[in-house]
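The chain contents come next:
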Amino acid sequence: MRKDGRIGVSVAGASARSTFLFEYLLAHPEEGFVTGVYDIVPERCSILLDHYGIGAEAVVYPSLADAVSDPGADAVFVMTTDAAHPECAVAALEAGKSVYCEKPMAVTMQGARAIASAAEKARGLFYLGMNLRHSPVHEALHNIVASGKLGKVITIEANEHYYGGKTYFRRWNRLRKHGGGLWLTKACHDFDILTWLAGGRPLRIMASCGLDHYRPRPDAPLYCCECGIAKTCPDYCPPPDGDSLGDRLARATERATGVKRDMCLWNSDKDTFDNGMAIVEYDNGSRACYTVNVMSAHTTRMLVVTGSGGMARADLYDGTVEYWKRHAPEDSCEKMDASALMTGGHGGADERILADFFRCVRTGSPPRSSWQDGLTSVALGIAATKSSDTGRIVSVRM
């Protein structure tokens, strides 16, 4: 850390997700600066540094070892594909750096435990990027639960609808070997929120899912650029021939891997699902149900928490949170509108989580989401996958 309090950060993974860090530091230069970027496709690093105008101050690291050992970096941001998180996070922690790791912590329990072991011994901070804990809506709902207004939490209902989630089926998230499947790469957020609200330890889970919409279709090829129905297909993806940051990054990846961005959602190879439901039981008697749908017409997250003393409901789409006291008149509902706070990515959560990370690095304060929380959400995601694969109730094992 510099004398002026600014924190140097190196970035592992020149991903689209890493741009939220660059945007944050551009708006808050007093917080820190990027020392360099590492990626298995080096051209992506150069594109990012050029786009944000820091090519003269930051470097393209030739290896992960260089990224985590840079003496100018106090922290490492792990923004790679999910399966690569353990290698990057463990190396950074063992090098004495603080770590911000995107969710999920890992896609296997072995990988999650490796990070947990390194984080427990490390002198640096490990901060897991569960940004929903910082969304104004989820934060307000959790505050109601934590205040005791609801009494004992009996049930939690969570419904996630994500129109843009369909694009997973042309990205690396479509394959378990990279992202663990949607019960991990996507639902880890929601399993974490369920556990945060329930306040207990998950015991068992029953899950069911299906690829019921984006199944192979004979009238479409593998790539949109070769498709005869592209003009009428609502899932058409244009080739990356523009000058936007996303297009430039996509072209770099295409050149390095030979895999095109405009893969057909229907005909891509994939081993995950487009809709699923899960029920979780906790050791304190709470139960939670969760539905995820990435072929939805509407994007939101909706939650209802029912307790012995009241009920609360939240909707991420319009930023509303409502509370009813049990045995009170129905029209006595207390309402909160958090929409004015929902600026930026993930309903206002992205900027808040980064501000908290930099604060924690400076002060030594504990993170809102830690490696312990990461272990739990990974264990739930793996158990949900096993349950939906076998049709059985599965115990959640850390």
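Read on for an overview of the structure.

About the thresholds
- Residues numbered from 1 in each chain as written.
- Predicted model: local features only at pLDDT ≥ 70, side-chain atom pairs only at ≥ 80, totals over all residues.
- Heavy atoms only, no water.
- Helix = DSSP H or I, 4+ residues; strand = E, 2+ residues; numbered from the N terminus.
- Rg over C-alpha atoms; globule rule 2.2 N^0.38 Å.
- Contact = heavy atoms within 4.5 Å.
- Areas by Shrake-Rupley, 256 points an atom, 1.4 Å probe, with all protein chains shown as cover.
- Lys, Arg positive; Asp, Glu negative; His and termini not counted.
- Charge placed at Lys NZ, Arg CZ, Asp CG, Glu CD.
- Buried < 20%, exposed > 50% of the residue type's maximum accessible area, 1.4 Å probe, protein only.
- Pairing = 2+ DSSP bridges.
- Right-handed = clockwise from strand over helix to strand, strands pointing away.
- Core = buried A, V, L, I, M, F, W, Y, C linked by side-chain atoms within 4.5 Å.
- 1 Å grid on protein atoms, 1.4 Å probe; cavity = no way out; pocket = protein on both sides within 12 Å on 5 of 7 lines; lining within 4 Å.
- Points joined across faces, edges and corners; volume = space filled by probe spheres on them.
- Axes fitted to C-alpha atoms, helices over the stretch in contact; angles between N-to-C directions.
- Parallel < 35°, antiparallel > 145°, perpendicular 65-115°, else oblique.
- Nonpolar A, V, L, I, M, F, W, Y, C, P; charged D, E, K, R; others polar.
- Left-handed = near helix turned anticlockwise from the far one by under 90°.

1. Let's talk about the overall build of the protein chain
Argument step 1. A count of helices and strands for the protein chain gives twelve helices and 15 strands.
Argument step 2. The C-alpha radius of gyration computed for the protein chain amounts to 21 Å, which stays within 12% of the reference 21 Å derived for 398 residues, consistent with globular compactness.
Argument step 3. Excluding contacts between residues fewer than 6 apart, the proportion of contacts in the protein chain whose partners are at least 24 apart in sequence is 73%.
Argument step 4. Taken as a whole, the protein chain presents about 17300 Å² of accessible surface, with 53% of it coming from carbon and sulfur.
Argument step 5. Averaging the positions of the 44 positive and the 47 negative side-chain charges in the protein chain gives two centres separated by 4 Å.

2. Re the pairing of strand 1 (residues 7-12)
Argument step 1. The buried fraction of strand 1 is high, at six of six residues.
Argument step 2. Side chains Ile7, Val9 and Val11 of strand 1 all project onto a buried face; the interleaved residues Gly8, Ser10 and Ala12 project onto the opposite face, where all are buried too.
Argument step 3. Taken together, the six bridges between strand 1 and strand 2 (residues 32-38) define a ladder with parallel strand orientation. Across the sheet, Val9 pairs through a bridge with Val34, a residue of strand 2.
Argument step 4. Running through helix 1 (residues 19-27), the crossover from strand 1 to the neighbouring parallel element strand 2 is right-handed.

3. Side note on the nonpolar core
Argument step 1. Core analysis: the biggest nonpolar cluster contains 85 residues, and Met105, Phe126, Ile156, Trp183, Phe191 and Ile205 have the highest contact counts within it.
Argument step 2. Not counting residues within four places of it along the chain, the set of residues in contact with Ile205 comprises Phe191, Ala278, Ile279, Val280, Leu380, Ala383, Ala384, Ser387, Arg392, Ile393, Val394 and Val396.

4. A word on the sheet that holds strand 11 (residues 300-307)
Argument step 1. Read from one edge to the other, the open sheet built from nine strands follows the order 14-13-12-11-7-10-9-8-15, with strand pairing classed as mixed. For this open sheet the edge positions go to strand 14 (334-337) and strand 15 (394-395), each flanked by a neighbour on one side alone.
Argument step 2. Sheet analysis places strand 12 (residues 310-315) next to strand 13 (residues 320-325), joined by six bridges and oriented antiparallel. The residue of strand 13 that forms the bridge with Gly310 is Lys325.

5. A look at the layout of surface pockets
Argument step 1. Quantified by volume, the second largest pocket comes out at close to 260 Å³.
Argument step 2. Around the second largest pocket, the lining is made up of 13 residues, and of these Arg6, Gly32, Phe33, Val34 and Ile54 lie nearest the centre.
Argument step 3. Looking at the lining of the second largest pocket, the elements with two or more residues in it are helix 1 and strand 2.
Argument step 4. With four residues, strand 2 is the largest single contributor of residues to the lining of the second largest pocket.

6. Some points on the packing of helix 5 (residues 109-121) against helix 12 (residues 371-390)
Argument step 1. Relative orientation of the contacting elements helix 5 and helix 12 amounts to 175 degrees, with a least axis distance of 10 Å. The orientation of helix 5 relative to helix 12 falls into the category roughly antiparallel. On helix 12, the residues touching Met109, Ala112, Arg113, Ala116, Ala119 and Glu120 of helix 5 are Trp371, Leu375, Val378, Ala379 and Ile382.
Argument step 2. Of the residues contributing to the contact of helix 5 with helix 12, the split by class is nine nonpolar, no polar and two charged.

7. Some details on the packing of helix 2 (residues 42-51) against helix 10 (residues 245-257)
Argument step 1. For the pair helix 2 and helix 10, interaxial distance at closest approach is 9 Å and the crossing angle is 165 degrees. The pairing of helix 2 with helix 10 is recorded here as roughly antiparallel in orientation. The hand of the helix 2/helix 10 crossing is right-handed. Touching Glu43, Arg44, Ile47, Leu48, Asp50 and His51 of helix 2 are Leu245, Arg248, Leu249, Ala250, Ala252, Thr253 and Arg255, all from helix 10.
Argument step 2. Considering only residue class, the contact of helix 2 with helix 10 consists of six nonpolar, two polar and five charged.

8. Some words on empty space enclosed by the protein
Argument step 1. Applying the stated criterion to the full structure yields two cavities of 30 Å³ or more.
Argument step 2. Of the voids in this model, the largest cavity is the one considered here, and its volume is about 90 Å³.
Argument step 3. The wall of the largest cavity is formed by 15 residues, among which Ala220, Cys224, Cys227, Cys233 and Cys264 lie closest to the centre.
Argument step 4. Classifying every residue of the lining of the largest cavity gives twelve nonpolar, no polar and three charged.

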